Amino acid sequence: MALSLEVSGLKHSINLHNGTRLALIDALDLHLEAGEHIAIVGASGCGKSTLLSLLAGLTPYQSGQVYYRCDDQTLNPAEVLVHSGFVFQQFHLLPELNAVENVALPLQLRGNRDAQQQAIDWLTRMGLAQRLTDNITQLSGGEQQRVAIARALCAHPKILFADEPTGNLDEKTAEQVMDLMLSGARKSGAALVLVTHDMALARRMDKAYRLSHGRLSLCH
Ligand SMILES: Nc1ncnc2c1ncn2[C@@H]1O[C@H](COP(=O)(O)OP(=O)(O)OP(=O)(O)O)[C@@H](O)[C@H]1O
Ligand SMILES: [Mg+2]
C-alpha cells in the first residue's frame, strides 16, 4: 500500500489577542509522492507545527483541499489516521503509563497481540533497554523524545510526520535515531514529512521546503 498526498490552496489563520487575524498558512500547495521524504524548515513561529497538524488531519483546516490517495482511491480522514504516525514537538506521551505501555498502546488499539514485545524491541533499538518500565516523568527530554519516536514508528505508518524529532538529542544520538527513522520509513515505503531547524538533516531528504509567509518554496 502506497500513500500520496496532494494539497492545494490550503489556508489557515489564527486570531491574535490584540484582535487581529494572522494568516499562518496562505494558499499553500504541496505534492508528496508515496515514499517521498521531505523536510520543512522555517523561522520559529512561522507555522511549521501548525502545518504538520493540518496535513495529518489533527487540526481542521479552514479552506483549501488536502487529499490522501492510495492506489488511485481517496482516503477519508479516519483511514489516514490509521496509516499515519506523528512525533509531536512536545511528545504528548501519556504520563501515567511507562515507556513500554506508551509505545505498545497504539499497537494494542489496532488489536496487535504482540504489542508489548514489539514495543520492547523498538525501545531497545532507541537505546532505552534499561528504561523500559520507568515512568515517563522520570525520563529526560531526549529519552522521552526517543519513546515518542518509537511509538510513531512501531505501527509501521505509511506516512510519518515528525516535528523536530531530534531537537532534544545530542549529535551522536540524533544521528543514530535519524538513521533508524529513515531506514524504518524506507523499509515500509513510508512517506516522511520532517520539520527541522537542522539544514544538514534537511539536505538528507529527497526535497527540502522553506515555509515563509504561509507558503512553501523549494530549497533543494
Ligand atoms: N491554537 C493557537 N492559538 C493561538 N495561536 C496559535 C495557536 N497555534 C499556534 N499559534 C501561533 O501560531 C504561530 C505558529 O505556531 P507554530 O507552533 O506552528 O510555529 P512553528 O513554526 O512550529 O515554531 P517553532 O519552530 O518555534 O516550533 C505562533 O506564533 C503560535 O503562537
Ligand atoms: Mg513547531
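Look up: the structure comes first, before these words.
Model, not experiment: these values are computed from the prediction.

## Topic: the overall build of the chain
And step 1. Regarding its fold elements, the chain presents 7 helices and 10 strands.
And step 2. A compact globule built from 220 residues should have a C-alpha radius of gyration of about 17 Å, and the chain, at 17 Å, falls within 12% of that.
And step 3. By residue count, 39% of the 220 residues in the chain fall in the buried class.
And step 4. Considering only contacts in the chain between residues 6 or more positions apart, those separated by 24 or more positions represent 69%.

## Quick word on the pairing of strand β1 (residues 3-15)
And step 1. The sheet contact formed by β1 and strand β4 (residues 63-70) spans 7 bridges and is antiparallel. Across the sheet, E6 pairs through a bridge with Y67, a residue of β4.
And step 2. With 8 bridges joining them, β1 and strand β2 (residues 21-32) adopt antiparallel strand pairing. Residue S13 lies in a different strand from β2, and its bridge partner there is A23.

## Points about the sheet that holds strand β7 (residues 159-163)
And step 1. With mixed pairing, 6 strands are arranged side by side in an open sheet as β6-β7-β8-β3-β9-β10. With one partner strand each, in any of the chains shown, β6 (84-87) and β10 (215-218) form the two edges of the open sheet. When strand polarity is set aside, the average angle formed by the axes of neighbouring strands in this sheet is 20°.
And step 2. Where helix α1 (residues 48-55) meets the sheet, its contacts fall on β3 (37-41), β7, β8 (191-195) and β9 (207-212), and the angle it forms with β8 comes to roughly 155°.
And step 3. Helix α5 (residues 141-153) contacts β6 and β7 of the sheet and is inclined by roughly 175° relative to β6.

## A look at the site of ligand 1
And step 1. Lining the immediate surroundings of ligand 1 are I14, L24, G42, S44, G45, C46, G47, K48, S49, T50 and Q89.
And step 2. The class makeup of the residues in the shell around ligand 1 is 3 nonpolar, 7 polar and 1 charged.

## Regarding helix α6 (residues 171-187)
And step 1. With 17 residues, α6 should cover 24 Å at 1.5 Å per step; its first-to-last C-alpha distance of 24 Å lies within 8% of that length.
And step 2. At its buried positions, α6 is contacted by β3, α5, β7, β8 and α7 (199-202).
And step 3. Positive phi appears at G189, one or two residues downstream of α6, with a value of about 65°.

## Notes on the sheet that holds β4
And step 1. Reading across the sheet, the 4 strands line up as β2-β1-β4-β5 and stay open at both edges, with antiparallel pairing between neighbours. If you trace the sheet from one side to the other, it starts and ends with β2 and β5 (73-74), each paired once.
And step 2. Alignment of β4 against β5, held across 2 bridges, turns out to be antiparallel. Its bridge partner lying in β5, R69 is registered against T74.
And step 3. Packing against the sheet, α1 makes contact with β1, β2 and β4, and its axis sits at approximately 130° to β1.

## Quick look at the packing of helix α3 (residues 99-109) against helix α4 (residues 115-125)
And step 1. It is the contact of α3 with α4, at a shortest axis distance of 8 Å, that shows an interaxial angle of 125°. As far as their axial angle goes, α4 and α3 are oblique. Judged by the twist between their axes, the crossing of α3 over α4 is right-handed. Mapping the contact onto sequence places A99, V100, V103, A104, L107 and Q108 in α3 and A115, Q116, Q118, A119, I120, W122 and L123 in α4.
And step 2. Its residues placed into classes, the contact of α3 with α4 shows 10 nonpolar, 3 polar and no charged.

## Observations regarding the nonpolar core
And step 1. Among the nonpolar cores identified, the biggest contains 65 residues, and V103 and L123 are the most heavily contacted of them.
And step 2. Contact partners of L123, with chain neighbours within four places excluded, come to A99, V100, V103, L128, A129, L132, V147 and A150.

## Things to note about the environment of R203
And step 1. Tracing the sequence through the fold places R203 in the loop between α7 and β9.
And step 2. A C-alpha to C-alpha distance of 23 Å links R203 and S53, two positions 150 residues apart in sequence.
And step 3. With residues near it in sequence (within four places) discarded, R203 still touches A208 and H220.

## Structural notes on unusual backbone geometry
And step 1. One non-glycine residue, A27, lies in positive phi territory at about 55°.
And step 2. Checked against the element boundaries, A27 lands in strand β2.
And step 3. Residue classification places A27 among the partly exposed positions, given that 13 C-beta atoms sit within 10 Å.

The rules behind the values
Residues numbered from 1 in each chain as written. Chains lettered and ligands numbered in written order. Predicted model: local features only at pLDDT ≥ 70, side-chain atom pairs only at ≥ 80, totals over all residues. Helix = DSSP H or I, 4+ residues; strand = E, 2+ residues; numbered from the N terminus. Rg over C-alpha atoms; globule rule 2.2 N^0.38 Å. Buried ≥ 20, exposed ≤ 12 C-beta atoms within 10 Å, placed from the backbone. Contact = placed C-beta atoms within 7 Å. Pairing = 2+ DSSP bridges. Axes fitted to C-alpha atoms, helices over the stretch in contact; angles between N-to-C directions. Near = placed C-beta within 6 Å. Nonpolar A, V, L, I, M, F, W, Y, C, P; charged D, E, K, R; others polar. Expected span 1.5 Å × (residues − 1). Parallel < 35°, antiparallel > 145°, perpendicular 65-115°, else oblique. Left-handed = near helix turned anticlockwise from the far one by under 90°. Core = buried A, V, L, I, M, F, W, Y, C linked by C-beta atoms within 7 Å.

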